[in-house]
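Residue-level structure breakdown
Here's the letter readout for the chains.
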Amino acid sequence: AATEHLLERRRRTFLDDLLPGLDEHGVRLADWSELDGEDRAWAGKVFTERIFPVLTPLAVDPGHPFPYISNLSLNLALIVRDPSGGERRFARVKIPPLLPGLLAMPDGRRFLALEQVIAAHLESLFPGMEIESHHPFRVTRNADLTLEEEEADDLLVAVEMELRRRRFGRAVRLEVDPSMTEEVRILLTRELDLQPEDLYEGSGPLDHTALWQFYNLDRPELKEEPFAPVKPFRLGGDGETSDVFSAIRQGALLVQHPYESFSDSVEEFIEQASRDPDVLAIKHTLYRTSGDSAIVRSLIRASERGKQVAALVELKARGDEAANIGFARALERAGVHVVYGLVGLKTHCKIALVVRQEGDGITRYCHIGTGNYNASTARTYEDIGILTADPEIGADLTDLFNYLTGYSRRVEYRKLLVAPSALRPRMLELIDRETALGPDGRIVWKLNNLVDPGIIDALYGASQAGVQIDLIVRAICCLRPGVPGLSDNIRVRSIIGRWLEHSRVYYFGDGSQKDELHGRFFIGSADMMDRNLDRRVESVVPLESTEMRARIREILATELADDVLAWTLGPDGTWHKVPVDAGLNAHQRLQDQAVARARRRLDADAAVPAVPAVTR
């Protein structure tokens, strides 16, 4: 019922809001029935020249078994009839995924769904047959890997084999158009081994990915104003190229993407390390990365230049398994020491370590972040990372990489909080400290998901003790705020806007309501879910410099004050839009602050007013 409700909301948004809004601006999703003879002749010519040659109609009869339906592919189900003998058969036509899902009409304003163009020309695919009916449908298959890791001699080979098997994973959902006849519904449900409750009906397109074509139109007036991430000032924000290592030695740096450039900070850090003759070793984790990864190229170049390079490539990152296998093989060919992850655990931490010879000793430079090393998502996901040469953090990362690549069993670290060993007990201890402070306690978290029952119960206990708690949760929140006697002092909000909120930030006030920078600040890769705390390797790092703590306080305070993008969660589990009062848009505010900061005028810029304090 919940899934059906969400799908219906999506359909209503598409049909009642998006399409009329586009129509008002001269962009129309046309229907084949609306076209005149000239338009149909043009579409027929396109079909003959560009679409027909790549189509493969598949019939089902005693000599042709029911075809394999690939995951999330868009298809047409047909009933065709032989007029000579009256025999009726089922057939299937797959909509080619390599062709644009929308066909742009010559006027540049109207678009046709590709499946409608194909449906209008089915006689070309089945000459001499009568087309009784045709209906679009889509199948979702189980995408989980079923790995027996303990029994695998080679994890990479095992994942490759499982990926091949996953192509034929069990169907779990069938999406159909309302026009589909009961005869075809029963046939598809039976052949896909589904139950009636696995069938979902809905008007509108079954595959919304084609809508990217609307976004890619050259219509800047219909889009957000372009924003180019700024280069952090200490890394050359004044226009000059900076020595990253020299900048980090001046003090730890905090960067927030996409406001500050990922390529000019994190990628530049690894790129400079790859060509610096004084760099001895680079160690890196890769969970998800972009197709043409500058970081992977830098690691390969570093290895080719004789540096010791180790990369932990998580082969079990859902949806990226095939891409990560490709990265792993490319790195191995270049001589990089590649590790595929730990048996029974996913390596989800975002860490990089560069070991550099300086004088008579070595300095360890570190990056620890909340987001993946992916240049594509770094342009749309909000994430935070730090670059530091803190000796204790460098020693911790050395120990952590030894754990990931070897047989180290270290569970205690100097500063890092690492899952699955120490993160959960340490978080519970920090919550308990605030609980003991009662009304003087303060907790502010920003994370993607809050699910773990033990953590939620601890937060309930803190609320009952009088601790003021604000949670900024992007996705799943199993905690119910504002329940009398249980969570009166907990507020939950979500920021939905131009950027996808992805960073994980944890603030504990330690009893001070006067010093805004007092307390403990942490960032890292872990959400508060049992999978993160118990079944993944995660890293969370404390922020100790005044500059970094001030930046995090500013980010949290801005998102707590937002009344343009913010939604709040009620005690009944429903979300409500926050009424607009001051008109504070957190994404725009943080954008403005990043630009001003890069120009060395943040404090003096009257156009960027102060934000409310984290404390209340």
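Residues numbered from 1 in each chain as written. Predicted model: local features only at pLDDT ≥ 70, side-chain atom pairs only at ≥ 80, totals over all residues. Heavy atoms only, no water.

Considering helix 1 (residues 2–24)
A rise of 1.5 Å per residue sets the reference length of helix 1, with its 23 residues, at 33 Å; its end C-alpha atoms lie 32 Å apart and thus fit the reference within 8%. At F14, helix 1 shows its largest kink, close to 35 degrees. Restricting attention to buried positions, one finds in helix 1 the residues L7, R11, F14 and L22. Residues of helix 1 that are buried sit in contact with strand 1 (28–30), strand 8 (171–176), strand 9 (199–201) and helix 7 (212–215). (Helix = DSSP H or I, 4+ residues; strand = E, 2+ residues; numbered from the N terminus. Expected span 1.5 Å × (residues − 1). Bend = angle between axes of the 7 residues up to and from the residue. Buried < 20%, exposed > 50% of the residue type's maximum accessible area, 1.4 Å probe, protein only. Contact = heavy atoms within 4.5 Å.)

Quick notes on the packing of aromatic side chains
One pass over the full model with this rule turns up twelve aromatic pairs. Each ring, one from Y259 and one from W499, has its centre 6.3 Å from the other, and the planes form 90 degrees; the classification is edge-to-face. Within this pair, whereas Y259 is found in the loop between strand 10 (253–257) and helix 9 (263–275), its partner W499 is found in the loop between strand 21 (490–495) and strand 22 (500–501), the two being separated by 240 residues in sequence. Comparing Y259 with W499, the two get one shared label, buried. Consider the rings of F508 and F522, whose centres lie 6.2 Å apart with planes at 80 degrees: the pair is edge-to-face. A residue pair is termed long-range when its members are at least 10 positions apart, and F508 in strand 23 (residues 504–508) and F522 in strand 24 (residues 520–524) qualify at 14 residues. Neither residue differs from the other here; F508 and F522 are each classed as buried. Each residue in the set W445, Y506, F508 and F522 is aromatic and connected to the rest through ring pairs, giving one cluster. Against the face of Y215 rests K223, its NZ or CZ located 4.8 Å from the ring centre. (Phe/Tyr/Trp six-rings, centres within 6.5 Å; stacked < 30°, edge-to-face > 60°. Lys NZ or Arg CZ within 6 Å of the ring centre and 35° of its normal.)

Section: the pairing of strand 21
Most of strand 21 sits out of view: five of its six residues are buried. Taken together, the four bridges between strand 20 (residues 468–473) and strand 21 define a ladder with parallel strand orientation. Bridge assignment links D470 to a residue of strand 21, and that residue is R491. Judged from the three bridges that link them, strand 21 and strand 26 (residues 566–569) form a sheet pairing that is antiparallel. (Pairing = 2+ DSSP bridges.)

Here's the deal with the side chain of S298
Considering the arrangement of structural elements, one finds S298 in helix 10 (residues 294–304). Setting aside chain neighbours within four positions, we find S298 in contact with I270, E271 and S274.

Structural notes on unusual backbone geometry
Here the residue pair H257 and P258 is connected by a cis peptide bond, since its omega of 5 degrees sits within 30 degrees of zero. A cis amide bond links A419 with the next residue in sequence, P420, at an omega value of 10 degrees. The residue D193 is not glycine, and still its phi comes out positive at about 60 degrees. Here D193 lies in the loop between helix 6 (182–191) and strand 9.

A closer look at the sheet that holds strand 4 (residues 88–94)
In spatial order, the strands read 2-4-3-7-8-9; together these six strands make up an open sheet with mixed pairing. Of all strands in the sheet, those bounded by a partner on one side alone are strand 2 (58–60) and strand 9. Shown here is a sheet whose adjacent strand axes are inclined to one another by a mean of 30 degrees, direction ignored. The pairing of strand 3 (residues 74–81) with strand 4 spans seven bridges and is classified as antiparallel. Its bridge partner lying in strand 4, A77 is registered against R92. (Axes fitted to C-alpha atoms, helices over the stretch in contact; angles between N-to-C directions.)

With respect to the confidence of the model for the protein
Mean pLDDT over the protein: 90, with 90% of residues reaching 70 or higher. Across residues 149–153, where pLDDT falls below 50, the model places seven contacts with residues more than four positions away in sequence or in other chains. (pLDDT = per-residue confidence, 0-100.)

Looking at the sheet that holds strand 5 (residues 102–104)
Taken in spatial order, the three strands of this open sheet run 1-6-5, and their pairing is mixed. The strands lining the two open edges of the sheet, one partner per strand, are strand 1 and strand 5. Sheet twist, expressed as the mean angle between neighbouring strand axes with direction ignored, is 40 degrees. In this fold helix 2 (residues 37–51) packs onto strand 5 and strand 6 (110–113), with an angle of close to 120 degrees to the strand it touches most, strand 5.

Remarks on the pairing of strand 7 (residues 130–141)
Each regular strand displays side chains that alternate between the two surfaces of the sheet. With eight bridges connecting them, strand 3 and strand 7 associate as antiparallel partners. Among the inter-strand pairings, L78 is bridged to a residue of strand 7, identified as H134. Across five bridges, the pairing between strand 7 and strand 8 is antiparallel. Bridging from a neighbouring strand, F137 pairs with V176 of strand 8.

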